[in-house]
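Descriptive analysis of the structure
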Amino acid sequence: MSQPEFMDYKGLTHVFENAAAFTGASLTLTSQCGAPGERCEPQRVRAVAATRDLLPVLGIVPARGRNFENDEGRGGTERVVILTHEFWQNRLGGDPRLLGGTLTLNGVPRRVVGILPPGFQFEKAEALVPIYVNPDSMTGRSSNYLDGVARLRSGVTLEQAQRELNALTRRTAVQYARNYPASMGYGATVVGLRDEM
């Protein structure tokens, strides 16, 4: 989905308790690995770029450090990263001093603000970086690069959520048909996360 479509879905607050958007990312680690200060060959890091609500939607709290803050991921803010416990242990030596320190990813220093709980796995990512979805932006409806995950409100079924999404996508398709005619053929499907995974 596009950023404006994500904001449309997130706005269904009577259906969703919270919603997050994410997309896959590939990073290259060119700073330390193993012991602090040790240089290494560039390494690929599987990552997910996500809005700050991803971890709360999944019911996950970092084991060390914190989640992303509201504006992180927005241009001009400090670059940060959250690491999986396994990546921190197996590829970075589990050094506790790394929390609050920096890693160079894609040539950019990123401060490590969190370490996820052991065993956490989402989209096979080893690291999470923030993306910022501008709630005021209504441009780019044809730029469909995001996936979404949401937590249903208590008592709302998948079938009810699907009906609400169907109604929303019909309305927005008509509303934006002039500027985005291709959107007329698109919709949204609600699938349980365990089933999807």
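Here, every reference points to the structure presented above.
Described in the following lines is the structure provided in the data block. Just so it is clear, the model here is predicted, and its values are computed rather than measured.

Examining the nonpolar core
Membership of the largest hydrophobic core comes to 33 residues, with the highest contact counts inside it found for Leu83 and Leu103. Grouped together as the second largest cluster of nonpolar side chains are 18 residues, Ala50, Val57, Leu116 and Leu128 included.

Details of unusual backbone geometry
The phi torsion at asparagine 106 lies on the positive side, around 55°, for a residue other than glycine. Along the chain, asparagine 106 falls in the loop between β5 (102-105) and β6 (108-115). Positioned with a positive phi, lysine 124 is a non-glycine residue whose angle comes to about 60°. By the secondary structure assignment, lysine 124 is in the loop between β6 and β7 (127-130).

Regarding the environment of arginine 91
Looking at the element boundaries, arginine 91 is found in the loop between α3 (85-90) and β5. Put simply, arginine 91 and glutamate 126 are 35 residues apart on the chain and 9.9 Å apart in space, counted from C-alpha to C-alpha. Side chain to side chain, arginine 91 and glutamine 43 meet in a polar contact 3.0 Å long.

A word on the pattern of salt bridges
Counting across every chain of the model gives eight salt bridges. Glutamate 78 is the partner of arginine 111 in a salt bridge, and the nearest nitrogen-oxygen pair spans 2.8 Å. One end of the pair, arginine 111, is in strand β6; the other, glutamate 78, is in the loop between β3 (64-65) and β4 (80-83), with 33 residues separating them in the sequence. Between arginine 91 and glutamate 126 there is a salt bridge, with its nearest N and O atoms 2.7 Å apart. Of this pair, arginine 91 sits in the loop between α3 and β5 while glutamate 126 is found in the loop between β6 and β7, placing the two residues 35 residues apart along the sequence. Classification of glutamate 126 by relative accessible area gives buried; the value is 11%.

Thresholds, definitions, all that
Residues numbered from 1 in each chain as written. Predicted model: local features only at pLDDT ≥ 70, side-chain atom pairs only at ≥ 80, totals over all residues. Heavy atoms only, no water. Core = buried A, V, L, I, M, F, W, Y, C linked by side-chain atoms within 4.5 Å. Buried < 20%, exposed > 50% of the residue type's maximum accessible area, 1.4 Å probe, protein only. Helix = DSSP H or I, 4+ residues; strand = E, 2+ residues; numbered from the N terminus. Polar contact = N/O pair within 3.5 Å; in protein donor to acceptor, adjacent residues only side chain to side chain. Salt bridge = Lys/Arg side-chain N within 4 Å of Asp/Glu carboxyl O.

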